[in-house]
Amino acid sequence: MDFNMKKLASDAGIFFTRAVQFTEEKFGQAEKTELDAHFENLLARADSTKNWTEKILRQTEVLLQPNPSARVEEFLYEKLDRKVPSRVTNGELLAQYMAEAASELGPTTPYGKTLIKVAEAEKRLGAAERDFIHTASINFLTPLRNFLEGDWKTISKERRVLQNRRLDLDASKARLKKAKAAEAKATLWNDEVDKAEQELRVAQTEFDRQAEVTRLLLEGISSTHVNHLRCLHEFVESQTTYYAQCYRHMLDLQKQLGSSQGAIFPGTFIGTTEPASPPLSSTSPTTTAATMPVMPSVAGLAPPGEAALCLEEVAPPASGTRKARVLYDYEAADSSELALLADELITVYSLPGMDPDWLIGERGNKKGKVPVTYLELLS
């Protein structure tokens, strides 16, 4: 019991001494041991890493889950060490509503058939989004959280210890200074000065040891940057794969809707929708395959059973021609097609009975079929 009381009293005394030293430093009444420039740079670099990691982490969470209530729910489940319940994505929910609407309004009607097609595409988009969120959470968010909740907490703890050691060191310097001043006035015995010098040597040793421990931890921030760099690459790769899948699904849907639109609204100029984005580049073979435009295997100019039109005899309609900008290069598969170069301008138009995924393109005295997905139609 007496030992505990003495320890409490000792701890209280140390805390009071540090508080006095800290307060006097703030008011400029006490000297403060300054860290070297390299150490200060390490501290500043560590603080910047922590601050920006927090911001990137929080904003990535918003990107993956825009609903703040859902984020709070996921946070609570994580803190309670419980599995987050599976949540339907917005795309999957939209697909469900569209499918139910088609069932009630008539799945065999043009509107019902289109609802079903769009619902299937939205369902695939929702599944791709779910995979992206899962992959990004594991490969990107988890390492950032581990740094903030692991390495950074250790660094912060050792920095607090170093701060206390520095306060103890400067308090010892102040006591020794006072002891020597009192000795000069012959008011203290020499053993008081010796005691103060001994305390200063101990404080200096503990400070130096703690400074070395903290410095090693701070220098480890470089390894943290390397790890976060790798995680960032993986995040970009997963995001690229996700958007490539979305592009492929929407391109397929656009082709399906274009075919049905031509059947429902004869004479409508095909290809007036916004152009699809050009394929995303990626080093992943899977991603590259997913992002390449899906071209039809057969793209005839005439309906089945009829003779193909001769391009030399084709004349542009009196109205309905448009200018188009080529999005990316296209190599003609045969003499009926027109080779394209990215960014060039051509004239395009549609003919009755023509595959809705293709247009007739003209450039100078050259003429041929061109794929709609490679064009940006200009007004």
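As the structure is a prediction and not an experimental result, all values here were calculated from the model.

Colleague: Teacher, can you tell me more about the pattern of salt bridges here?
Modeller: When their charged atoms lie close together, side chains carrying opposite charge are able to pair. Tallying each qualifying case throughout the model produces 16 salt bridges. Among the ionic pairs, K50 bridges to E54, the shortest N-O distance being 3.4 Å. In this pair, K50 and E54 both sit in helix α2 (residues 37–64), four residues apart, roughly one turn of the helix. Note that R215 is salt-bridged to E212, the shortest N-O span being 2.3 Å. One end of the pair is R215 and the other is E212, both in helix α6 (residues 190–219) and three residues apart, which spans about a single turn. By relative accessible area, which is 36% here, E212 ends up partly exposed. Bridged by salt links that share partners, the residues R58, E61 and R145 form one connected network.

Colleague: Explain unusual backbone geometry to me, please; I cannot follow it from the model alone.
Modeller: The bulk of non-glycine residues show a negative phi, and the bulk of peptide bonds are trans. The backbone phi angle of D343 is positive, close to 80°, even though this residue is not glycine. Among the structural elements, D343 can be located in the loop between β1 (322–326) and β2 (345–349). D343 gets classed as exposed once you look at its relative accessible area, which sits at 54%.

Colleague: Would you explain the side chain of E61 in this entry?
Modeller: Mapping E61 onto the fold places it in helix α2. With a relative accessible area of 17%, E61 lands in the buried category.

Colleague: Would you mind showing me how to read the confidence of the model for the protein here?
Modeller: When pLDDT drops low, the exact placement of atoms in the prediction is not to be read closely. Looking at the protein as a whole, the pLDDT averages 82, with 79% of positions reaching at least 70. Here helix α8 (residues 285–291) stands out as the element of the protein with the lowest mean pLDDT, 41, in contrast to α2, whose mean of 95 is the highest. pLDDT under 50 marks residues 265–277. Its contacts with residues more than four places away, or in other chains, come to 25 contacts. In the predicted structure, residues 279–308 sits below a pLDDT of 50 and forms 52 contacts with residues beyond four places in sequence or in another chain.

Criteria and cut-off values
Residues numbered from 1 in each chain as written. Predicted model: local features only at pLDDT ≥ 70, side-chain atom pairs only at ≥ 80, totals over all residues. Heavy atoms only, no water. Salt bridge = Lys/Arg side-chain N within 4 Å of Asp/Glu carboxyl O. Helix = DSSP H or I, 4+ residues; strand = E, 2+ residues; numbered from the N terminus. Buried < 20%, exposed > 50% of the residue type's maximum accessible area, 1.4 Å probe, protein only. pLDDT = per-residue confidence, 0-100. Contact = heavy atoms within 4.5 Å.

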